[in-house]
Amino acid sequence: MNRFNLTFRGEIKPGRNPRKVKAAFASLFGLDDPARVEPFFSGETVILRRNLDRKEAGDYYHKLDVMGLRSELVRVKVPAPTPAAPPNGATRALSRAEREAAAEEAAAWQRAQEEKRRQREQEARARRRAEQEALQQQQEKEAAARALAEQERRRRERAEAEARRKAEAEARQKAEEAARRKAERQRLQRERAEAEARRKAAQEQRRREQAEAEARRRAEQERQRRQRAEEAARQRAEQEEKKRRQAEAAAKKKAEREAQKRKEAEASARRRAEERARQQAEREAKKRREAEAAELAARQRAEEKARREALAREEAAQLAAMEEQPIRRAAQHFATPRKQTPRPAGRVSRLVGTVKAENGRSRDRTYARSAATPGAPNLYRLKPFRNHSGVRERARFAQLRQRKSLQLAAVACLLLAALGWIYDHQPLPPAISGPGALAVSDAGRLLIALPDRLLEHDRAGVPMGEMRLGPEGILDGAESLLLAGADQLLLTTPGGLQQCSLEAETCQPLASVNAGALARDPLSGDLLVVSPAAGALLRLDSAGNTLASVELPLPAYPGLVLQDGLLYMNSPGRPAISVFRYEREALGKQLDEILLLPPTALARGLDRVRAFLWADPAWWVLLQDQAETSSGLYRFDNQWNFTAEVTLPAGIHPTSLLRWGNRVLAPDPHSLAIPRFNLQGQAEAPLRSPSLVGQAENRQRWLSLARWGAKLLAVALVAVLVGALADAWLQGQRQRVYRGVNSRGALPLENMTEGLHWLRPASPAQHGQARYTLAWSAVAALALAGAYLADASALQLAGLLLLLIAPLLTLSLMQRARGGHLGINRDQLLLVDHRQLYHHGRGAQLQFRGDFVMVEDVVLFLGNRWLPRFEGTAAVRKLARAGTPVSRTTLLVKLLQARHPLARITGLGFILCAAGVLLLFG
């Protein structure tokens, strides 16, 4: 039979962890000291086992190969038979050469014998060692066999004793059956009699207890009445004492006030005397100033009276001239004979109106306006500009409005700051993107925790209702749930461990322990708690008292599983499961550590255990990488041997595992569908809770409304703030423009009708506005089509449409806006704006800026190449440039004061553009 030696040179296969390989090598050969392991890996050839048979040598070779070590099996050569020694007595004489050859042969034979002897000694020593090892193994096997035999013997003895006991019991049962039946009948009779007696005694006891309870209730009421009376007397005494102290304090304060009043009276007398002297001096100075002011006012009144009289005389003369002018025209008209010819209808119209003169008399005015005259307004609809009190008080009104606008801006700024503080310190609750913590009872009752309620489901996943545990917000931040009974629920919160009653829907603090994982001992009812804050494993009793604790290195997401009398917890920093004892005396004593190395997990870099559980007949382990971006679910047998990988649905990254009857749930906090698997690892239809989906939709709808409301409120406040600041700036400019301005009113039109030439309005079609509109519409259509093809949202499409339509709409409205009328009478301009308000002026009375000309509040747009208004404005521009140029601010103030269509349409375009930007980028 071939024998083999197991040799080893310390070679480790590539890709294996040397530390783990050496640990397995030491465990295989029983080397407890790490210093004894290192010489085997020095590179020298070492014989690990000698003279092994083929099966044993193959077993050792296979175990080393699985560990990742390279070893060799060397077959032991069997020595050849030794030739017999030559005889000592030779029968014939040998020559010298033969004797020398024989001597050399004998010496060689002697050396060979010596070498064989040494080999036999080595082989003997090896055999002795092998025999000792075999003997030791045989002894161990015999001890194990003896133990098994002893166990089998004890089992047979117990079986025989059990059989004898059963036989004796049957004999006794047969002997006692008749006596038992008789005794049973007697016992039933006695029990009925005793039950009747107990019933009567119970009724008597209840009557006595009711009488005693009534007496106690009356005594309690009497005691409460006495307590109320004593409390009332004590309160009255306290009130009287308080009143007395108040009276004393009031008297003291009154005396202090009287002393203070005397001091104040003396000081006041001194101040009055000083004030009288000062007032006397001020009165004398005031009299002097009043006299000087009266003299100055008298001179100003005289000058103003003379100026008004001169102005009145001038206006009277102009009025008289205007009154005489129609009379002269009428006299001249009637004095000249004319042929009465029929006039075509509609060509000439006469408008007769009544104009009230300043002296109170009425006179008829007849204005004839040719309907064919282009650009001429209806003179009877025109209103002259008047210098009334509102015009004269504009600067003061602007100052008041500026102050109010600044106050409104301050209020809007404060509200914006308050809104920002609320948004920072009172954020909106997060959306429900998936289930929170889950718990399952032995009967299959499933609880899903949300931030404000518990969703209850039956064993089929059908919603049974919802519960709101008090106090409010106790479920917000709950990390794990554990059902300790049909009505008791344990949950971990940042504030500690809470014990809740599902029937009463209330929670009470159980222990101020920041628990990361929970497990319950089914025998004693004690709790095993992992506290990441303390870095310890705790054992608590049912009242929350700490029975034992031990500090342990903890993973980031600890998990606890009690199985077969052992406590399992995931190891920190590596894919392993640590095995501990959980008894009170040996809490946290580590028994073993199981390394989990599925091939696919190693290839994907999944080196952290996130969660695990025992679901007969296999262990389920959820592995993650360090960045928590990838995860995998794997199954192991009861000896922690890898069996298969469970395929997770696409896009699902579970963070926990839960056994639900004969199913395993792998919930993902970012998915409303909970993956579900059977115990063989096959995927089933995911669990979709209608109540969970409904709560998520309601929360999302409420959050959307809240966010939109906050955005709209913020936009409204910003708009109010910007508008208030803009109005304050505008009122400041308005105050500057109208401060110290002496406005003049417009004179009647009678003295301007002769020689008045109205400018003809321009046609927009002559300037190609239709082409510009068509080109911009094409650009807008292309932009909208591109945005639609780029999968823009509805709000973004609406914002882009507003941005594109705002210039087109603004230009179209400006083209259709009323432009007013413009008349020229020699060097004088007559301006009629969109309100039919007219004014006239010449020279310095005119103001101009760009294409605008104005007199007081009457502003007229002359037009440009984009917005033509009048034809032949060269003469008008020449006359306007003889006036006073104004700044852009003054022009803006005048446009807004007159509510000019260009200002309003421009403001509308700005609002549309701002709304489009908000919809596009908001």
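Our subject is the structure listed above.
Residues numbered from 1 in each chain as written. Predicted model: local features only at pLDDT ≥ 70, side-chain atom pairs only at ≥ 80, totals over all residues. Heavy atoms only, no water.

Caption draft 1: Fine view of the sheet that holds strand S16 (residues 527-531). Across the sheet, which stays open at both edges, the 4 strands sit in the order S15-S16-S17-S18 with antiparallel pairing between neighbours. Two strands lie at the open edges of the sheet, namely strand S15 (517-520) and strand S18 (546-551), each paired on one side alone. In this sheet, adjacent strand axes meet at a mean angle of 15 degrees when their direction is disregarded. In terms of strand pairing, strand S17 (residues 536-540) meets S18 through 5 bridges, oriented antiparallel. (Pairing = 2+ DSSP bridges. Helix = DSSP H or I, 4+ residues; strand = E, 2+ residues; numbered from the N terminus. Axes fitted to C-alpha atoms, helices over the stretch in contact; angles between N-to-C directions.)

Caption draft 2: Structural view of the pattern of salt bridges. For the structure shown, the criterion picks out 56 salt bridges. Two residues, Arg207 and Glu204, come together in a salt bridge whose shortest N-O distance is 2.4 Å. Of this pair, Arg207 and Glu204 both sit in helix H4 (residues 96-335), 3 residues apart, roughly one helical turn. Arg208 is paired through a salt bridge with Glu204; the nearest N and O atoms lie 4.0 Å apart. Of this pair, Arg208 and Glu204 both sit in helix H4, separated by 4 residues, roughly a single helical turn. Sharing partners across several salt bridges, the network here consists of Glu150, Arg153, Arg154 and Glu157. (Salt bridge = Lys/Arg side-chain N within 4 Å of Asp/Glu carboxyl O.)

Caption draft 3: Representation of the state of the cysteines within the structure. Applying the stated criterion to the full structure yields 1 disulfide. Disulfide pairing places Cys500 opposite Cys507 at an S-S distance of 2.0 Å. Judged by the sign of its S-S torsion, about 105 degrees, the cystine formed by Cys500 and Cys507 is right-handed. (Disulfide = S-S within 2.5 Å.)

Caption draft 4: Layout of the packing of helix H10 (residues 794-816) against helix H13 (residues 901-921). Contact geometry of H10 with H13 gives a least axis separation of 7 Å together with a crossing angle of 170 degrees. Compared by their axis directions, H10 and H13 come out roughly antiparallel. On H13, the residues touching Leu795, Gln796, Ala798, Gly799, Leu800, Leu802, Leu803, Ala806, Leu809, Thr810, Leu813 and Met814 of H10 are Leu902, Ile905, Thr906, Leu908, Gly909, Leu912, Cys913, Ala915, Gly916, Val917, Leu919 and Leu920. In terms of residue class, the contact of H10 with H13 is built from 18 nonpolar, 6 polar and no charged. (Parallel < 35°, antiparallel > 145°, perpendicular 65-115°, else oblique. Contact = heavy atoms within 4.5 Å. Nonpolar A, V, L, I, M, F, W, Y, C, P; charged D, E, K, R; others polar.)

Caption draft 5: Quick look at the packing of helix H1 (residues 18-29) against helix H3 (residues 54-67). The geometry of H1 relative to H3 is characterised by a closest axis approach of 10 Å and an angle of 155 degrees between their N-to-C directions. When the axis of H1 is compared with that of H3, the two are roughly antiparallel. By crossing handedness, the relation of H1 to H3 is classed as right-handed. Residues Val21, Ala24, Phe25, Leu28 and Phe29 of H1 lie in contact with H3, whose contacting residues are Tyr60, Lys63, Leu64 and Met67. (Left-handed = near helix turned anticlockwise from the far one by under 90°.)

Caption draft 6: Representation of the nonpolar core. Core analysis: the largest hydrophobic core is formed by 28 residues, its most contacted members being Leu822, Leu829, Leu830, Leu831, Tyr838, Val853 and Val876. Of all the secondary structure elements, the ones that give two or more residues to this core are strand S32 (821-825), strand S33 (828-832), strand S34 (837-841), strand S36 (852-855), strand S37 (858-861) and helix H11 (874-880). With 4 residues, the top contributor of residues to this core is S33. In this structure, Leu822 is in contact with His757, Trp758, Leu759, Leu830, Leu831, Leu860, Leu862, Phe870 and Val876, ignoring residues within four places of it in sequence. Of all hydrophobic cores here, the second largest spans 17 residues; its members include Leu6, Phe8, Leu31 and Met67. (Core = buried A, V, L, I, M, F, W, Y, C linked by side-chain atoms within 4.5 Å. Buried < 20%, exposed > 50% of the residue type's maximum accessible area, 1.4 Å probe, protein only.)

Caption draft 7: Looking closely at the environment of Leu895. Structurally, Leu895 can be placed in helix H12 (residues 888-898). For Leu895, a relative accessible area of 10% gives the class buried. Beyond its immediate chain neighbours, meaning those up to four positions away, Leu895 contacts Phe852, Val859, His900 and Ala903.

Caption draft 8: Main features of the sheet that holds strand S30 (residues 683-688). Overall, antiparallel pairing links the 4 strands, which are arranged S27-S28-S29-S30 in an open sheet. The outermost strands of the open sheet, each flanked by one partner alone, are strand S27 (658-660) and S30. Mean inter-strand twist for the sheet, computed between neighbouring axes without regard to direction, equals 35 degrees. Across 3 bridges, the pairing between strand S28 (residues 663-665) and strand S29 (residues 673-678) is antiparallel. Directly across from Leu665, in S29, lies its bridge partner Arg676.

Caption draft 9: Geometry of the side chain of Arg877. The topology assignment puts Arg877 in helix H11. Setting aside chain neighbours within four positions, we find Arg877 in contact with Gly850, Asp851, Leu862 and Gly863.

Caption draft 10: View of the pairing of strand S1 (residues 4-12). Where S1 lies against strand S3 (residues 69-75), 7 bridges are found, and the strand directions are antiparallel. Counted as the bridge partner of Ile12 is Leu69 from S3. Relative to strand S2 (residues 46-52), S1 runs antiparallel, the two being bridged by 4 bridges. By the bridge assignment for S2, Phe4 is matched with Leu52.

Caption draft 11: Geometry of a positive patch on the surface. A cluster of basic side chains, namely Arg50, Arg125, Arg128 and Arg129, defines a positive patch on the protein surface. Take the positive patch: its biggest share by element is 3 residues, from H4. Locating Arg129 in the fold gives a position in helix H4. Judged by relative accessible area, which is 41%, Arg129 ranks as partly exposed. (Patch = residues over 30% accessible without salt bridge, like charges linked within 9 Å, V, L, I, M, F, W, Y side chains within 5 Å. Areas by Shrake-Rupley, 256 points an atom, 1.4 Å probe, with all protein chains shown as cover. Lys, Arg positive; Asp, Glu negative; His and termini not counted. Charge placed at Lys NZ, Arg CZ, Asp CG, Glu CD.)

Caption draft 12: Inspection of the packing of aromatic side chains at higher detail. Here the structure, examined in full by the defined rule, presents 16 aromatic pairs. Each ring, one from Phe852 and one from Phe861, has its centre 5.0 Å from the other, and the planes form 45 degrees; the classification is tilted. Look at Phe852 and you get buried, because its relative accessible area is 13%. Taken together through their ring pairs, the aromatic side chains of Tyr568, Phe612, Trp614, Trp619, Tyr634, Phe636, Trp640 and Phe642 make up a single cluster. The ring of Phe41 carries Lys22 above its face, with NZ or CZ at 5.4 Å from the centroid. The aromatic ring of Tyr557 is capped on one face by Arg610, whose charged end is 3.6 Å from the ring centroid. (Phe/Tyr/Trp six-rings, centres within 6.5 Å; stacked < 30°, edge-to-face > 60°. Lys NZ or Arg CZ within 6 Å of the ring centre and 35° of its normal.)

Caption draft 13: Broad picture of H10. Across its 23 residues, H10 extends 31 Å between first and last C-alpha, which sits within 8% of the 33 Å expected from 1.5 Å per residue. At Ile805, H10 is deflected by roughly 35 degrees, the largest bend along its length, and proline Pro807 occurs up to four residues later in sequence. When we look at burial in H10, the residues that qualify are Gly799, Leu800, Leu804, Ala806, Thr810 and Met814. (Expected span 1.5 Å × (residues − 1). Bend = angle between axes of the 7 residues up to and from the residue.)

Caption draft 14: Geometry of unusual backbone geometry. Cis geometry marks the peptide bond from Asp616 to Pro617; its omega dihedral reads 20 degrees. Tracing the sequence through the fold places Pro617 in the loop between strand S23 (608-615) and strand S24 (618-624). The phi dihedral of Asp564 is positive, around 55 degrees, even though this residue is not glycine. Along the chain, the position of Asp564 falls in the loop between strand S19 (560-563) and strand S20 (566-570). Here the phi dihedral of Gln836 falls at roughly 65 degrees; this positive angle occurs in a residue that is not glycine. Of note, Gln836 is situated in the loop between S33 and S34.

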